[in-house]
Amino acid sequence: MPADRSPRQPDSRTPHPRHPEPAPGPWSPRDESELDRTISYRFPRSPGRETHTVHLPAWGDQEEIGFATVAEPPPSAPAPEGRRGARGWILALVAAVLVGVVGGGGVWAAAKLGGGGTQPQDVLPANAIAYVRLDLDPSAEQKLALFGIGRRFSATRDAFGGDDPREALGKALVNALGKDGAGLAEVDYARDVEPWLGDRAGLAVLPSADGGDPVGAIAVQVRDEAAARAGIARLGPRDGKGGLAFRDGYAVIAPSQELADQYVTAAPLSGEPRFAGDLQALGEPGVLSFWADVEKAVEAAYPRRDGAEPLLDRVKGMRFAGALRFSGDYAELAGITRGGKTAPGRPEPVRIGELPATTVAAASFSGLGDLLREQWPSIEQAANGAGGGPYAETLDAARQYGLSLPDDLVTLLGRNLTLALDETGLDGPRPAFGAVLTTDTTKAQDVVDRVKAYLNGIERPADFATASGDGRFVLATTPEYAAALGGGGALAESETFRLAVPDAGNATYAVYADLDRLEKLYLSGAGEAERRDLEKLRAVGLSGTSGEAGSGFTLRVVFD
């Protein structure tokens, strides 16, 4: 943080210096939940779902929105170059997502607000083991949010100045079709790919007919079937392998012509009830989404079982789905699991929101004690087996500290374990750091006393404070911070925390970092341009739930 900025206030109810109370401002996508109803979709679905090819508008064409036309915005001025320091990894990740996923698109985000029409899952077979979808024409809200985020950063601002994001998709397709280096040199994107390439693509992993290794099929949206057939033939392998067929405006590419023909006449993945239900539960599919039948994937990995029966039993009926999506305030990777064998009951919600408002980083996990006890036989087996030396050494070291395993570790992990780092003394010699355990406080104190006695006996006195009360046991670097952790706090009232860790009150695990308050640890090593970009990163949060009905997670990067 620059030195001339006002110091932050510890009370979360006081507006953050960089984030005052919101005032009326420009319209944002979230202000209008029915935005897509005003859009004339670019990819209308034809009645009857007969096989056909839709001729789509050229990329540079303006698109009508209601009665108006959105014209191409002027290109942004180039951002100054900045030195990228080792601490800029978060910025590099954000830039990679924004540029790597969409490749560009100021015009795309501002003018092509369709988002409707046929998706790759509508043309790929229902028996897919796994599926990945890339959509460069998602919902209008997703496009506008991504466009707004991309223009904030110098690393991505130029990429949103009008370049065709389909070029990255086309190059990926070229590589996927297996051209050798010499063949790739003959391919011209503008001539061989751009005239026919659409905005969406999907990859399905499918079981082989003979029970061998799974095979892949690619569905690529096309704007001109004849041009696509010629272009793909130019891109394809020289040995003549591979098959191509068309369905609902997509080219379906498979390892053989027989398979391609089968795939375009098979029942679509979108009609598979479990797949459809999982995507509905996931919600907004965003720019990138994925789905997997975990049971089928494990069966494919262990065709002869080979001792995989316990794993197969655990994942029976399990599926996983996820999506990368955007809001005006954050980028989000979300995922859910359904089915499979789960432990009875549900861990209690984490208490991360009860930490002091001055918390800059925290992690909270519920159910670790029960999980350790359940998995202890497997841990001992691994320690005593071949290659178990490191595990055995760790267990022996724990016993030297006077710990009775696994009972004492189960006590320390408790029903909930929360780790916290405070802003107080953050850049000093002794930062305020501590742990809050929801456990049997009497047993926890006994374990700590035995560890302290061992450390004192080897002349390494344990210099940490403890406190207990209300079913919580606290360890901290200072008595003052132990008291602050034991007394609870108002982190849950922070707007930044609520954005980064949604529904924290119901989460069974959560991780949080307030980058605005941590940035003083890494900004000094950044160049001017990188510094400005890093200052736009507000927070990072991970949260999730687990229980008998399944699990879910949300990873968010929040922006200023």
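Residues numbered from 1 in each chain as written. Predicted model: local features only at pLDDT ≥ 70, side-chain atom pairs only at ≥ 80, totals over all residues. Heavy atoms only, no water.

Let's shift gears to the overall build of the protein chain. Across its full length, the protein chain carries 20 helices and 18 strands. A separation threshold of at least 6 residues defines the contact pool for the protein chain, and within that pool the share at least 24 residues apart is 71%. Accessible surface for the protein chain amounts to roughly 26300 Å². Of this, 55% is attributable to carbon and sulfur atoms. (Helix = DSSP H or I, 4+ residues; strand = E, 2+ residues; numbered from the N terminus. Contact = heavy atoms within 4.5 Å. Areas by Shrake-Rupley, 256 points an atom, 1.4 Å probe, with all protein chains shown as cover.)

All right, on to unusual backbone geometry then. Pro406 follows Leu405 through a cis peptide bond whose omega is 5°. Within the element layout of this structure, Pro406 appears in the loop between α14 (389–400) and α15 (407–413). At Asp248, a position not held by glycine, the phi torsion is positive, near 50°. Mapped onto the elements, Asp248 comes out in the loop between β6 (243–247) and β7 (250–254). Overall, the relative accessible area of 4% leaves Asp248 in the buried class. (Buried < 20%, exposed > 50% of the residue type's maximum accessible area, 1.4 Å probe, protein only.)

The next point concerns the environment of Arg472. By secondary structure assignment, the location of Arg472 is in strand β15 (residues 472–476). What makes Arg472 buried here is its relative accessible area of 8%. In sequence terms Arg472 and Leu437 are 35 residues apart; their C-alpha atoms lie 5.4 Å from each other. Once residues lying within four places of it in the same chain are set aside, the contact partners of Arg472 are Arg351, Glu354, Val436, Leu437, Thr438, Thr441, Ala467, Leu485, Gly486 and Gly488. Within the structure, Arg472 has its side chain in polar contact with the side chain of Glu354 (distance 3.1 Å). Among the polar contacts listed, one links the side chain of Arg472 to the backbone oxygen of Gly486, at a separation of 3.3 Å. (Polar contact = N/O pair within 3.5 Å; in protein donor to acceptor, adjacent residues only side chain to side chain.)

What follows is about the packing of helix α13 (residues 368–384) against α14. The interhelical angle for the contact between α13 and α14, taken along N-to-C directions, is 115°, at an axis separation of 7 Å. Judged by the inter-axis angle, α13 sits roughly perpendicular to α14. Across the interface between the two elements, Trp376, Glu380, Ala382 and Ala383 from α13 touch Tyr391, Ala392, Leu395 and Arg399 from α14. In terms of residue class, the contact of α13 with α14 is made up of 6 nonpolar, no polar and 2 charged. (Axes fitted to C-alpha atoms, helices over the stretch in contact; angles between N-to-C directions. Parallel < 35°, antiparallel > 145°, perpendicular 65-115°, else oblique. Nonpolar A, V, L, I, M, F, W, Y, C, P; charged D, E, K, R; others polar.)

Next up on the list: the pairing of strand β9 (residues 319–326). Where burial is concerned, most of β9 is hidden: 7 out of the 8 residues are buried. As defined by bridge partners, strand β8 (residues 288–293) adjoins β9 across 6 bridges and the pair is classed as antiparallel. Counterpart to Asp293 in the pairing with β9 is Arg319. Once β9 ends, the chain turns through 3 residues before running back antiparallel as strand β10 (residues 330–338). (Pairing = 2+ DSSP bridges.)

As a further point, take the side chain of Thr359. Structurally, Thr359 can be placed in strand β11 (residues 359–366). Of note is the side chain of Thr359, whose polar atom sits 2.7 Å from the backbone oxygen of Pro356. When sequence neighbours within four positions are dropped, the list of residues in contact with Thr359 reads Leu421, Asp422, Leu491, Tyr512 and Arg517.

Let us now look at the pattern of salt bridges. As enumerated under the stated definition, the model contains 26 salt bridges in all. With a closest N to O distance of 3.9 Å, Arg274 and Glu272 form a salt bridge. A salt bridge links Arg450 to Asp408, with the nearest nitrogen and oxygen atoms 2.8 Å apart. In this pair, Arg450 sits in helix α16 (residues 441–457) while Asp408 sits in helix α15, placing the two residues 42 residues apart along the sequence. Here the residues in one salt-bridge network are Arg133, Asp135 and Arg200, joined through shared partners. (Salt bridge = Lys/Arg side-chain N within 4 Å of Asp/Glu carboxyl O.)

The next subject is the packing of aromatic side chains. Following the criterion strictly, the structure yields 5 aromatic pairs and no others. For the pair Phe275 and Trp291, a centre-to-centre distance of 5.2 Å together with 80° between the ring planes defines the contact as edge-to-face. Residue Phe275 is found in helix α10 (residues 273–282), and its partner Trp291 is found in strand β8; the two are separated by 16 residues along the sequence. With respect to class, Phe275 is no different from Trp291; both count as buried. Between Lys452 and the ring centre of Phe464, over which it is positioned, the NZ or CZ distance is 5.0 Å. Note that Arg556 overlies the ring of Tyr330, its terminal NZ or CZ placed 3.8 Å from the centroid. (Phe/Tyr/Trp six-rings, centres within 6.5 Å; stacked < 30°, edge-to-face > 60°. Lys NZ or Arg CZ within 6 Å of the ring centre and 35° of its normal.)

Within the fold, Leu355 resides in the loop between β10 and β11. Between the C-alpha atom of Leu355 and that of Val436, which follows or precedes it by 81 residues, the distance is 9.3 Å. Here Leu355 is in contact with Ala362, Thr418, Ala420, Leu485, Gly489, Ala490 and Leu491, once residues within four sequence places are set aside.

Attention shifts here to the environment of Ala266. Along the polypeptide, Ala266 turns up in the loop between α9 (257–263) and α10. Residue classification places Ala266 among the partly exposed positions, given a relative accessible area of 24%. As a C-alpha pair, Ala266 and Asn127 span 139 residues in sequence and 9.2 Å in three-dimensional space. The residues contacting Ala266, other than those within four sequence positions of it, are Pro125 and Arg247.

Before going further, it helps to examine the nonpolar core. Across soluble globular proteins, you tend to see nonpolar side chains buried next to one another. Counting 25 residues, the largest nonpolar core has Ile352, Leu355, Leu485, Phe497, Val501 and Tyr512 as its most contacted members. Breaking this core down by element, the ones donating at least two residues are β15, α17 (479–486), α18 (495–500) and β16 (509–514). Among the nonpolar cores identified, the runner-up in size contains 24 residues, and Ala513, Leu518, Tyr522 and Leu537 belong to it. (Core = buried A, V, L, I, M, F, W, Y, C linked by side-chain atoms within 4.5 Å.)

Let us look at the confidence of the model for the protein chain. Model confidence for the protein chain is summarised by a mean pLDDT of 77, while 72% of its residues fall at 70 or above. In the model, residues 20–114 has pLDDT below 50 throughout and makes 206 contacts with residues more than four positions away in sequence or in other chains. (pLDDT = per-residue confidence, 0-100.)

Along β15, 5 of the 5 residues are buried, which leaves the element largely enclosed by surrounding structure. Burial along β15 is two-sided: Arg472, Val474 and Ala476 facing one way and Phe473 and Leu475 facing the other are all buried. Looking at chain direction, strand β13 (residues 433–438) and β15 are connected through 5 bridges and run antiparallel. Each residue of the ladder has a partner; that of Thr438, found in β15, is Arg472. As judged from the 5 bridges shared by strand β14 (residues 465–469) and β15, these two strands associate in the antiparallel manner. Looking across to β15, one finds that Thr466 is bridged to Leu475. Between β14 and β15, which follow one another and run antiparallel, lie 2 residues, and Asp470 among them has a positive phi close to 55°.

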